[in-house]
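Here is how the chains run, residue by residue.
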Amino acid sequence: MKNSSSTLSSRPDFRLIANIVSSGSRVLDVGCEDGSLLALLEEEKNIDGRGIEISQEGVNSSVARGLSVVQGDANTDLYDYPDNAFDYVILGQTLPAIHRPRETLFELLRIGSHAIVSIPNAGYWRHRLHLLIHGRIPINENEGTTWWSTNSIHPCTIRDFLMLCHEDGHTIENQIQLDSRGRASRFSKASAHANLFGKQAIFLLTRGPL
């Protein structure tokens, strides 16, 4: 039995992603964890959803929800998917843990007509202040307690991500920042405010002209 949408939508980034995805679309969630976002999208948007998750525990939890999720590694297994297989490919909060993030973005936009990418913002003001005062790398509370145990091997700021998309010709159709309270607001591409005060950001991408 699936959880109710009120439970599944408790994460503000999930709710924003659900607002972006069109009803009835084909969706691949890369690094879907326990399948909560996929379940929300299936319940509220009637999507044809698929997921890929590296942890067996996450796969088991997803399958227990009745979701179509396979075990796989985003670093190596995206290449097996055919071109334009999905309307949306979602990469949620996982980009800093990807070995080759630039190549992965190209793969997301090869597989899907759109990519929805959310990132934790390494330029968030609390992170900057922590480094200034303590002289130590701030750690995401969800990832561990030490710099050497974090999954983030390529941390980036909102500005870093915008520059990468610009350099590689990816079109950003929508961009939303979330503050520490989960409050969302759209921002301009050159927003220094978002880079400083956005704790995370969500981007809707499409391929640029070839």
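Please read these numbers as outputs of a predicted model, since none were measured by experiment. Just so you know, the residues in each chain are numbered from 1, in the order the chain's sequence is written. A pLDDT threshold of at least 70 governs which residues receive local features in this predicted model, and a stricter bar of 80 or more applies before side-chain atom pairs are shown or counted, although totals over entire chains, interfaces and linings include all residues. Side-chain measures here rest on the full set of heavy atoms in the structure, leaving out hydrogens and waters.

### Points about the nonpolar core
The condition that has to hold: Nonpolar cores are built from buried Ala, Val, Leu, Ile, Met, Phe, Trp, Tyr and Cys residues. Side-chain atoms within 4.5 Å join them into one set. With a 1.4 Å probe rolled over the protein chains alone, any residue whose accessible area is under 20% of its type maximum counts as buried; one over 50% counts as exposed, and the rest are partly exposed. A helix here means a DSSP run of H or I that spans at least four residues, while a strand means a run of E at least two residues long, and both kinds are numbered starting from the N terminus. Contact definition: two residues touch when any of their heavy atoms are within 4.5 Å.
Among the nonpolar cores identified, the biggest contains 30 residues, and Val30, Leu108, Val117, Phe161, Phe203 and Leu205 are the most heavily contacted of them. Elements that contribute at least two residues to this core include exactly strand 1 (26–30), strand 4 (86–92), helix 5 (101–111), strand 5 (112–120), helix 7 (158–168) and strand 8 (200–206). The residues contacting Leu108, other than those within four sequence positions of it, are Val30, Leu78, Val89, Leu91, Ala115 and Val117. Core analysis: the next-biggest nonpolar cluster, separate from the first, contains 24 residues, Phe14, Ile20, Val27 and Ala39 among them.

### Some remarks on the pairing of strand 5
Defined as follows: A pair of strands is labelled paired if DSSP reports no fewer than 2 bridges between them. The handedness of a crossover follows from its direction of travel: if, with the strands pointing away from the viewer, the path from the first strand over the helix to the second runs clockwise, the crossover is right-handed.
Along strand 5, seven of the nine residues are buried, which leaves the element largely enclosed by surrounding structure. Alignment of strand 4 against strand 5, held across six bridges, turns out to be parallel. In the strand pairing of strand 5, Tyr88 is matched with His114. The β-α-β motif built from strand 4, the intervening helix 5 and the parallel element strand 5 has right-handed crossover chirality. Where strand 5 lies against strand 8, seven bridges are found, and the strand directions are antiparallel. Looking at strand 8, one finds that Ile116 is bridged to Leu204.

### A look at empty space enclosed by the protein
We apply this condition: A cavity here means a set of 1 Å grid points, computed over protein atoms only, where a 1.4 Å probe fits but cannot escape. A pocket is an open set with protein on both sides within 12 Å along at least 5 of 7 lines, and lining residues have an atom within 4 Å of a point. Grid points are joined across faces, edges and corners, and a volume is the space filled by probe spheres set on the points. Here the nonpolar group is Ala, Val, Leu, Ile, Met, Phe, Trp, Tyr, Cys and Pro; Asp, Glu, Lys and Arg are the charged ones; every other residue, Gly included, is treated as polar.
Applying the stated criterion across every chain, the model contains one cavity of 30 Å³ or more. Roughly 50 Å³ of volume is contained in the largest cavity. Lining the largest cavity are Ala74, Asn75, Leu78, Tyr79, Ile98, His99, Arg100, Glu103, Thr104 and Glu107. Within the lining of the largest cavity, the residues separate by chemical class into four nonpolar, three polar and three charged.

None of the figures reported here should be taken as evidence of function without further support.
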